[in-house]
Amino acid sequence: MAESVEPTSGYHQLSVTIECAHLRGGSSFLKPNPYVELSIDDKNPRKTEIVKNTYQPKWNEEFTVLVTPRSQLTFRVNDHNSFRKDVIVGEKRFNLFQVLTHYNGKCENLEVTLDLMSDTKNDTPPMKVGELIALLNGLRLEMSALGRTGPHNGGPMPLGPTNSDGMANRSVLNNGVKVRMRLHGSENVVPAMSQTVMNRQSAYPVQQAIGPPPITNGSAIGPPPNGVPNGSVPVSPENHRNGNATAEEPLPPGWEMRYDLYGRRYYVDHNTRSTSWERPQPLPPGWEIRRDGRGRIYYVDHNTRTTTWQRPNTERLQHFQQWQGERAHVMSQGNQRFLYPQHTPPLAAAAPSTSATSPPPPSAAAVTPAPDEEDALGPLPSGWERRVQPEGRVYYVNHKNRTTQWEDPRTQGQELDADEPPLPPGWEMRVTEDNVRYFVDHNTRTTTFQDPRPGAPKGPKGVYGVPLAYERSFRWKLSQFRYLCQSNALASHIKITVTRQTLFEDSYHQIMRLPAYELRRRLYIIFRGEEGLDYGGVSREWFFLLSHEVLNPMYCLFEYANKNNYSLQINPASYVNPDHLLYFKFIGRFIAMALYHGRFIYSGFTMPFYKRMLNKKLIMKDIESIDPEFYNSLVWIRDNNIEECALELYYSVDFEVLGQVIHHELKENGDKIRVTEENKEDYMHLMTEWRMTRGIEEQTKAFLDGFNEVVPLEWLKYFDERELELMLCGMQEIDVDDWQRNSIYRHYTRNSKQVVWFWQFVRQADNEKRARLLQFVTGTCRVPVGGFAELMGSNGPQRFCIEKVGKDTWLPRSHTCFNRLDLPPYKSYDQMVEKLNYAIEETEGFGQE
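Remarks on the sheet that holds strand E37 (residues 800-804)
Spatial strand order, E34-E37-E39-E38: 4 strands in an open sheet with mixed pairing. For this open sheet the edge positions go to strand E34 (743-746) and strand E38 (813-815), each flanked by a neighbour on one side alone. Across the sheet, the axes of successive neighbouring strands diverge by a mean angle of 20°, strand direction being ignored. With 4 bridges joining them, E37 and strand E39 (residues 820-823) adopt parallel strand pairing. Paired with Ile802 across the two strands is Leu821, which belongs to E39. Contacting E37, E38 and E39, helix H19 (residues 767-778) runs over the sheet at an angle of about 60° to E38.

Side note on the sheet that holds strand E17 (residues 274-276)
Strand order across the open sheet formed by 3 strands is E15-E16-E17, with antiparallel pairing between neighbours. Both outer strands of the open sheet, strand E15 (255-259) and E17, are each paired with one neighbouring strand and no more. Across this sheet, the average inter-strand angle for adjacent strands is 30°, counted without regard to direction. Here 3 bridges tie strand E16 (residues 265-269) to E17, and the two strands are oriented antiparallel to one another. Bridging across to E17, Val268 finds its partner in Thr275.

A short note on the environment of Phe558
Looking at the element boundaries, Phe558 is found in strand E30 (residues 558-562). Separated by 10 residues in sequence, Phe558 and Leu568 place their C-alpha atoms 6.2 Å apart. Once residues lying within four places of it in the same chain are set aside, the contact partners of Phe558 are Val550, Leu568, Gln569, Ile570, Asn571, Phe584, Ile587 and Phe605.

So, the pattern of salt bridges
The final tally for this structure, using the stated rule, is 33 salt bridges. For the salt bridge of Lys31 with Asp654, the shortest nitrogen-to-oxygen distance reads 2.9 Å. With Lys31 in the loop between strand E1 (12-23) and strand E2 (34-40) and Asp654 in strand E32 (residues 652-657), this residue pair connects regions lying 623 residues apart in the sequence. Lys31 gets classed as partly exposed once you look at its relative accessible area, which sits at 27%. Salt bridges here are not isolated pairs; linked through shared partners, they connect Asp115, Lys128, Glu131 and Lys178.

Comments concerning the packing of helix H9 (residues 503-513) against helix H11 (residues 580-596)
The axes of two packed helices give the description: the angle between them and the distance between them. The geometry of H9 relative to H11 is characterised by a closest axis approach of 10 Å and an angle of 80° between their N-to-C directions. As the angle between them shows, H9 and H11 are arranged roughly perpendicular. Contacts from Phe504, Ser507, Tyr508, Ile511 and Met512 of H9 reach H11 at Leu582, Tyr583, Lys585, Phe586, Arg589 and Met593. For the contact of H9 with H11, the residue count by class is 8 nonpolar, 1 polar and 2 charged.

So, helix H13 (residues 628-639)
Across its 12 residues, H13 extends 16 Å between first and last C-alpha, which sits within 8% of the 16 Å expected from 1.5 Å per residue. Residues of H13 that are buried: Phe630, Tyr631, Ser633, Leu634, Val635 and Ile637. Where H13 is buried, its residues contact helix H14 (680-693).

So, H19
For H19, built from 12 residues, the straight-helix expectation of 16 Å at 1.5 Å per residue is met to within 8% by its first-to-last C-alpha distance of 16 Å. In terms of burial, H19 is largely enclosed, as 11 of its 12 residues are buried. If you check which residues of H19 are buried, you get Asn767, Glu768, Arg770, Ala771, Arg772, Leu773, Leu774, Gln775, Phe776, Val777 and Thr778. The backbone nitrogen of Lys769 has a side-chain oxygen 2.8 Å away, supplied by the residue at the start of H19, namely Asp766. The first or second residue beyond H19 is Gly779, which carries a positive phi of 90°.

Here's the deal with the confidence of the model for the protein
With 71% of its residues at a pLDDT of at least 70, the protein reaches an overall mean of 74. For residues 148-170, every residue scores under 50 in pLDDT, and the model assigns this stretch 64 contacts once sequence neighbours within four places are set aside. Note on residues 415-419: pLDDT under 50 across the span, and 6 contacts to partners over four residues away in sequence or across chains.

Structural notes on the pairing of strand E18 (residues 287-291)
Note: E18 against strand E19 (residues 297-301), 5 bridges, orientation antiparallel. Note that in E19 the partner of Trp287 across the bridge is Asp301.

Overview of the environment of Pro553
By the secondary structure assignment, Pro553 is in the loop between helix H10 (537-549) and E30. According to the relative accessible area criterion, Pro553 is partly exposed, its value standing at 22%. It is 9.5 Å that separates the C-alpha atoms of Pro553 and Gln310, two residues lying 243 residues apart in sequence.

A look at the packing of aromatic side chains
The final tally for this structure, using the stated rule, is 26 aromatic pairs. Judged by centre distance (6.2 Å) and plane angle (25°), the ring pair of Phe758 and Phe800 falls under stacked. Here the residue Phe758 occupies a position in helix H18 (residues 753-764), and Phe800 occupies one in strand E37, the gap between them amounting to 42 residues. Given the relative accessible area of 0%, Phe758 is considered buried. Connected via pairs of aromatic rings, a cluster forms that spans Phe558, Phe584, Phe605, Phe609, Tyr610 and Phe703. Above the face of the Phe97 ring, Arg70 is positioned so that its terminal group lies 4.2 Å from the ring centre.

Focus on the nonpolar core
Ranked by internal contacts, the top residues of the largest apolar core, which has 66 residues, are Phe481, Trp542, Phe558, Ile591, Phe605, Met613 and Leu728. For Ile591, the residues in contact, after removing those within four places along its chain, are Ile601, Phe605, Phe703, Phe707 and Leu728. One finds Ile18, Leu38, Phe97 and Cys107 within the second-largest nonpolar core, a separate group that totals 37 residues.

Observations regarding the pairing of strand E4 (residues 58-67)
Across the two faces of E4 the burial differs, with Trp59, Glu61, Phe63, Val65 and Val67 buried and Lys58, Asn60, Glu62, Thr64 and Leu66 not buried at all. Pairing between E1 and E4: 8 bridges, direction antiparallel. Bridge pairing in E4 links Ile18 to Glu61.

Concerning unusual backbone geometry
The general pattern is negative phi for most residues beyond glycine and trans for most peptide bonds. Positive phi is not limited to glycine here, since Ser492 has a value of about 70°. As for its position among the elements, Ser492 is in the loop between helix H8 (474-487) and strand E28 (493-498). Overall, Ser492 belongs to the exposed group, its relative accessible area being 53%. At Cys556, a position not held by glycine, the phi torsion is positive, near 60°. By the element assignment, Cys556 lies in the loop between H10 and E30.

Concerning the packing of H8 against helix H16 (residues 721-729)
Put simply, H8 and H16 touch, their axes get as near as 12 Å, and they point 65° apart. Along this stretch, H8 crosses H16, giving a crossing that reads as right-handed. Here H8 contributes Phe474, Lys477, Leu478 and Phe481 to the contact with H16, which in turn contributes Glu723, Leu726 and Met727. Per-class residue counts for the contact of H8 with H16 are 5 nonpolar, no polar and 2 charged.

Points about the side chain of Ser652
In this structure, Ser652 sits in strand E32. Of note is the side chain of Ser652, whose polar atom sits 2.8 Å from the side chain of Asp671. Ignoring anything within four residues of it in the chain, the contact list for Ser652 reads His663, His664, Glu665, Leu666, Gly670 and Asp671.

Definitions and cut-offs
Residues numbered from 1 in each chain as written. Predicted model: local features only at pLDDT ≥ 70, side-chain atom pairs only at ≥ 80, totals over all residues. Heavy atoms only, no water. Pairing = 2+ DSSP bridges. Helix = DSSP H or I, 4+ residues; strand = E, 2+ residues; numbered from the N terminus. Axes fitted to C-alpha atoms, helices over the stretch in contact; angles between N-to-C directions. Contact = heavy atoms within 4.5 Å. Salt bridge = Lys/Arg side-chain N within 4 Å of Asp/Glu carboxyl O. Buried < 20%, exposed > 50% of the residue type's maximum accessible area, 1.4 Å probe, protein only. Parallel < 35°, antiparallel > 145°, perpendicular 65-115°, else oblique. Nonpolar A, V, L, I, M, F, W, Y, C, P; charged D, E, K, R; others polar. Expected span 1.5 Å × (residues − 1). Polar contact = N/O pair within 3.5 Å; in protein donor to acceptor, adjacent residues only side chain to side chain. pLDDT = per-residue confidence, 0-100. Phe/Tyr/Trp six-rings, centres within 6.5 Å; stacked < 30°, edge-to-face > 60°. Lys NZ or Arg CZ within 6 Å of the ring centre and 35° of its normal. Core = buried A, V, L, I, M, F, W, Y, C linked by side-chain atoms within 4.5 Å. Left-handed = near helix turned anticlockwise from the far one by under 90°.

Quick look at the structure:
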């Protein structure tokens, strides 16, 4: 029976079935509510149903539309919102004429896979945000009447019987549009058992007996969903010669492309027996893939004679070149760092509560263990022992790192409130999130840090017998820490010999070979081939260079907090390096050595990481500096009624590491527990904990174990997280003129009296106060290399900003993501100085209202 062919002029009916989409997950844990808008020549859009809360929507909705042979089909995926305008997730447009030309005027059972591209507002190229799969059917046209029947007329060659588009032979029409003819019975359904068995015989069983997620292209990526392909035949060299898939570069040797049962492409690496969603790039010139004695894949760069566990690509090589370019000014920055003079005050002044003698060493024979008496403080931490000298004085031994001290580790760095008189009527004492106490006067509805009790001294004594105001000062805390370091120092020295070309590896092997307590001896650093004596300068250079070496992107150990925050955080993808936990233990030892020996490192960590070192509770506000989008999502949930907004949230979350989507339940059976107004506080608390620890629990433990072997973590309890960063990174000489020149103002002017007072305060402050103020507003005490003009915020370059906010009874507030200081309109210079000092020294986002 002859086939019926429609004339080419006028409108024709085309059946379009929108099947499913696969969207990339963002940093926000709120999943989209996607639907598709289909329009022909930008007219009469048709919409699918809304699928709620998913990155893998499925519609399977059929539309019958009127088209011409040259119609433009536009597929737009939107995210539905009940209270705001719907947001475009991604869209794709293609010309129907190209499909008709490739398939001789037949649109029958054609599966179209579209790369959804984001609509960027800047000049940056659009980014791929996912794929959409649709089915075209029910259209036959006579193409000869259109005058484009072959390549001599400028059109693409149609697919005839000899090069018909089979299951895996896709035609690439233009960038991001792929078409194949779906045979009957090959729809997106689970294949039959016999087909599954055949598929498992045709390739490596990458989903079985491999252990951790497969490593491909420098990424750890799991096998495709449901484990097995859909029986499609890989693209063979013959198909490439005959067909139209030649627009893409050939795969590297040992790679094969397949399709899963949803029609999605994935790639099999027969070299490493692993799979990847991303199309692999050929190795750059001069690179080679090898396998070590344990069968692990690594890559050799013959250009620089180095190796790495990550498969190199263009982006990683660019990051590596950028990292290498920083070496030129690493030491110039190191020479600008300082803290305080390194000489230590007399021991009696450094530790007024102790005698001038140090506690006896752990092996001292003239001591006896103290009786195991129960007290209100509970048991000692693991590895600690309480002992008594012959004269009856108690001291404490840390057997983990062979140190001794007079102070009880359970109360170290804490204030004791024993035998304090009661507060006046109407007063209440509270504690901030950072365990700093303040007082609430319910009579006048005000707050203050000053103790209101009658007869309370202006400078109350702290637990160490010195005035509390001095005890809270950074200089006194630093002297306490230095006293503990000196009293536990060991005689003699240790030699560490390294070469500049292999600095990281040499340092790693020598530090990990030594017992941890040996690292408290005086350091003697030798660079091979460079004669000289180390009187402190060489070791300072070693600490600074090695801390920069840790940033090497080829090690995949640390990453920047985000694109505009250059503080370091642990990389969740570090497991691509099989020895990453040993490296983190080494880095923990190295950081402890820097603190112990009073040396500085090149780049500091994020504030939440310092709080983890201090064993402080992490709060939702801590997320803002490392993931503003995630933080804003939590704030929106906190400030809105999620039941009225019809948000289908559950106690579970997905996140992506190197292309692998990992599912995590915040509670047992969290997928079945819905978030409501009643339990959303608990949900936000669990989300905060999860976000700050996701994928880095083992790495953090290894780091802290290595640190604690050299310096007890109890010694850090004197400090807060900002003081800990000052100790590690030091201070720089701050150019106040450059600071003032590159500042902007909101609701103030340059000549406003509050602004004039502010800069008067900055100029009269010492370097410590300036660094603490800069840290309070921007989140870091370090000035960019190019000065204050290069300050970065969450939206890119953002200058230091002073904004008029609030009443004169308020404390200043800071917004570290935007480098903004909210400065109330104070009535006098003295009032501003008092409030600024409180904000800098005592608070973090705490307002006095």
